[in-house]
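The primary structure of each chain is shown beneath.
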Amino acid sequence: MTRAAHVMPNAQDQQQTGLSDTAAQAQANPRGKAPADAGAVVISIDAMGGDLGPEATLGGVAIAARQTPALRFIVHGPEATLSPLIAKFALQDCVDLRHADRAVTMEDKPAQVMRSGKDTSMWSAIESVREHEADVAVSCGNTGALMAISMIRLRKLKGVNRPAIASFWPSRGPAGWNVMLDMGADVKADAPDLLTYALMGTSYARNALGLTRPRVGLLNVGTEEHKGRAELKEAYEMMGRAQEAGGFEFVGFVEGNHLPADRADVIVTDGFTGNIALKTGEGTAKFVSELLREALTSSLLAKLGALLAMGALKRLRAKVDPRRANGGVFLGLNGTVVKSHGSADATGFAAAISLAARLAQSGFGAKLAARVALALPEGQDSATQDAQASEISESSQ
């Protein structure tokens with residue numbers, strides 16, 4: 001079965017799911033924005049969650065605002081801290097400041113934040129999406145707390161048992177990146193959950209990477225059909241049956257060495273395995289980078305060689321720069337949330353904002369809801385699925 005690279009992926013996604021233009025526009029441009037921002041994409045920013053502090057997050061907002069002047073932002077955090085930074089970066093015309101007394105720290109437990117976190121910048125940022133003041137929220141704070149708040153305030157989509165975190169992985173694929181999920185939202189995943197991940201990853205790859213028919217692979221310890229745990233074998237069968245209706249090409253089991261390869265565009269796994277793979281990849285990339293730097297500065301001749309190869313080295317650094325792929329997306333909720341890396345600088349945070357804006361502009365939330373409806377019990381016709389997608393959209397209001 002052939003795959004095609006991008007020709008109007010958003011229209012194709014609507015055609016696959018039967019979602020109307022009106023429904024997609026309603027999701028992309030919700031009610032409740034300030035009149036001055038009507039029609040603009042509005043991003044809700046948790047300004048206090050990152051390791052580098054609010055100057056890095058506001059610096060990222062400034063970069064994103066320069067790149068896309070039409071964007072508008074609701075920034076959450078202590079007014080006394082953020083007002084001078086908004087003035088410093090000249091953001092007064094595109095930022096609405098919402099005061100929040102406290103910040104969620106990396107040490108805070110999710111259960112604790114759920115009980116007593118209503119006055120935090122993270123809670124306030126998610127609340128703006130719930131109230132349809134913003135299209136999408138971006139935070140580089142505590143992942144567990146962010147997922148807990150997002151689930152309790154936005155709720156899960158109909159048909160989703162376990163939400164997932166999807167991230168980009170540098171690859172030799174047609175888009176230069178693969179989508180991998182789950183990257184740590186939930187350590188467990190049954191066969192129906194893995195099928196739902198495949199459908200959500202397909203929608204994400206279509207809208208974020210512009211692939212009309214993404215290839216989906218199921219991560220395992222081997223490519224043979226008889227290998228792996230029982231839930232993987234069951235998911236294998238389910239994905240094979242769902243690929244036509246789901247609009248993806250199932251390539252079967254893939255292994256760890258296929259993560260950066262041109263074998264699958266969407267790689268499905270449970271959150272335990274996905275998070276270990278992510279941290280292993282980050283650590284390996286950092287280790288290789290340090291070894292390369294040491295080798296290229298070890299002698300005068302090595303330095304000369306590095307100077308001659310400067311152009312190629314810059315291209316390599318740009319390809320593997322984690323800031324370019326910053327932003328894990330929470331999939332399976334009644335609202336879009338982008339999790340930036342906690343140590344992201346202004347450039348990395350701007351990349352997460354850019355991803356959030358692209359998803360909002362594409363009407364991604366409505367398309368994801370309609371595609372997830374494909375995982376509901378068989379025998380439901382497309383009209384029923386459209387009604388379910390509409391019900392999902394209404395339930396988030």
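Residues numbered from 1 in each chain as written. Predicted model: local features only at pLDDT ≥ 70, side-chain atom pairs only at ≥ 80, totals over all residues. Heavy atoms only, no water.

The name an unreviewed UniProt entry assigns to the protein chain is Phosphate acyltransferase, from the organism Thioclava arctica. In UniProt, the protein chain has this text filed under Pathway (unreviewed entry): "Lipid metabolism; phospholipid metabolism." Under the Subunit (unreviewed entry) heading, UniProt states for the protein chain: "Homodimer. Probably interacts with PlsY." (UniProt positions renumbered as here; feature names shortened; annotations may be inferred.)

Colleague: Sorry, what's going on with the nonpolar core here?
Modeller: In a soluble, globular protein the nonpolar side chains are often hidden away together inside. In this structure, F73, Y204, L218, M239 and V268 are the most contacted members of the largest nonpolar core, which totals 71 residues. Ranked by size, the runner-up nonpolar core spans 29 residues in total, among them M180, M183, V254 and A264. (Core = buried A, V, L, I, M, F, W, Y, C linked by side-chain atoms within 4.5 Å. Buried < 20%, exposed > 50% of the residue type's maximum accessible area, 1.4 Å probe, protein only.)

Colleague: Looking at this structure, how should I read the packing of aromatic side chains?
Modeller: The way to describe two aromatic rings as a pair is by their centre distance and the angle between their planes. Under the criterion given, the structure shown has five aromatic pairs. Ring geometry for Y236 against F253: centres 4.8 Å apart, planes inclined by 45°, an arrangement best described as tilted. You can see Y236 sitting in helix α9 (residues 230-246) and its partner F253 sitting in strand β8 (residues 249-254), a full 17 residues away along the chain. No difference in accessibility class separates Y236 from F253, as the two residues are buried. Aromatic ring contacts, followed pair by pair, group F168, W177, Y204 and F364 into a single cluster. (Phe/Tyr/Trp six-rings, centres within 6.5 Å; stacked < 30°, edge-to-face > 60°. Helix = DSSP H or I, 4+ residues; strand = E, 2+ residues; numbered from the N terminus.)

Colleague: Would you take a moment to explain helix α10 (residues 271-296) for this structure?
Modeller: One turn of the α-helix equals 3.6 residues, which is why residues spaced by three or four share an orientation. With 26 residues, α10 should cover 38 Å at 1.5 Å per step; its first-to-last C-alpha distance of 37 Å lies within 8% of that length. Contact partners of the buried residues in α10: β5 (164-170) and β6 (177-181). Its side-chain oxygen placed 3.1 Å from the backbone nitrogen of F272, D270 serves as the N-cap of α10. (Expected span 1.5 Å × (residues − 1). Contact = heavy atoms within 4.5 Å. Polar contact = N/O pair within 3.5 Å; in protein donor to acceptor, adjacent residues only side chain to side chain.)

Colleague: Even after reading the chapter, I still don't get the sheet that holds strand β2 (residues 72-77), so can you show me in this structure?
Modeller: To summarise the sheet geometry, strands pair through backbone hydrogen bonds and adopt either a parallel or an antiparallel arrangement. If you walk across this open sheet you meet the eleven strands as β3-β2-β1-β4-β11-β10-β5-β6-β9-β7-β8, and the pairing is mixed. Each of the sheet's edge strands pairs with one partner strand only, and the pair in question is β3 (95-99) and β8. Direction aside, the axes of adjacent strands within the sheet are offset by 25° on average. Pairing of strand β10 (residues 328-331) with strand β11 (residues 336-339), which is carried by three bridges, proceeds in the antiparallel orientation. Considered in β11, the bridge of F330 is made with V337. Contacts between helix α3 (residues 54-67) and the sheet are confined to β1 (42-46), β2 and β3, with β2 contributing the most and set at about 175° to the helix. Here α10 sits on the sheet in contact with β5, β6 and β7 (215-219), set at roughly 35° to β5. (Pairing = 2+ DSSP bridges. Axes fitted to C-alpha atoms, helices over the stretch in contact; angles between N-to-C directions.)

Colleague: Got a minute to help me understand the confidence of the model for the protein chain in this structure?
Modeller: The predicted coordinates should not be examined in detail at positions where pLDDT is low. Summing up the model confidence of the protein chain, the mean pLDDT is 81 and the portion of residues at 70 or higher is 82%. Ignoring residues within four places in sequence, the model shows residues 1-35, a span with pLDDT below 50, making 78 contacts including any to other chains. Scored below 50 in pLDDT, residues 378-397 shows 22 contacts in the model against residues more than four places distant or in partner chains. (pLDDT = per-residue confidence, 0-100.)

Colleague: I keep staring at unusual backbone geometry and nothing clicks. Help me out?
Modeller: If a residue is not glycine, its phi is most likely negative; likewise, a peptide bond is most likely trans. Note that the residue after L181, namely D182, is joined by a cis bond; omega there is 10°. Within the element layout of this structure, D182 appears in the loop between β6 and α8 (191-209). Positive phi, close to 65°, is recorded for H132, a residue that is not glycine. Tracing the backbone shows H132 in the loop between α6 (121-130) and β4 (136-139). For H132, a relative accessible area of 11% corresponds to the buried category.

Colleague: For this particular structure, what's the right way to read the packing of α6 against helix α7 (residues 143-154)?
Modeller: Packed helix pairs are characterised by how far apart their axes lie and by the angle those axes make with each other. Here α6 crosses α7 at 35°, and the two axes come no closer than 10 Å. Classified by chirality, the crossing of α7 by α6 is right-handed. On α7, the residues touching M122, W123, I126, E127, V129 and R130 of α6 are A145, L146, I149, S150, R153 and L154. (Left-handed = near helix turned anticlockwise from the far one by under 90°.)

Colleague: Just to check I follow, could you spell out the pairing of β3 for this structure?
Modeller: Successive side chains on a regular strand alternate, one facing one side of the sheet and the next facing the other. Looking at chain direction, β2 and β3 are connected through five bridges and run parallel. The partner of V75 across the bridge, within β3, is L97. Between β2 and its parallel partner β3, the chain crosses via helix α4 (residues 79-88), and the hand of that crossover is right-handed. (Right-handed = clockwise from strand over helix to strand, strands pointing away.)

Colleague: Please clarify how a nonpolar patch on the surface should be interpreted in this entry.
Modeller: Taken together, the side chains of L301, L304, L307, L308 and M310 define a hydrophobic patch exposed on the protein surface, amounting to about 560 Å² of accessible area. Examined against the element boundaries, L301 turns out to sit in helix α11 (residues 300-308). You can call L301 exposed: its relative accessible area is 67%. (Patch = residues over 30% accessible without salt bridge, like charges linked within 9 Å, V, L, I, M, F, W, Y side chains within 5 Å. Areas by Shrake-Rupley, 256 points an atom, 1.4 Å probe, with all protein chains shown as cover. Salt bridge = Lys/Arg side-chain N within 4 Å of Asp/Glu carboxyl O.)

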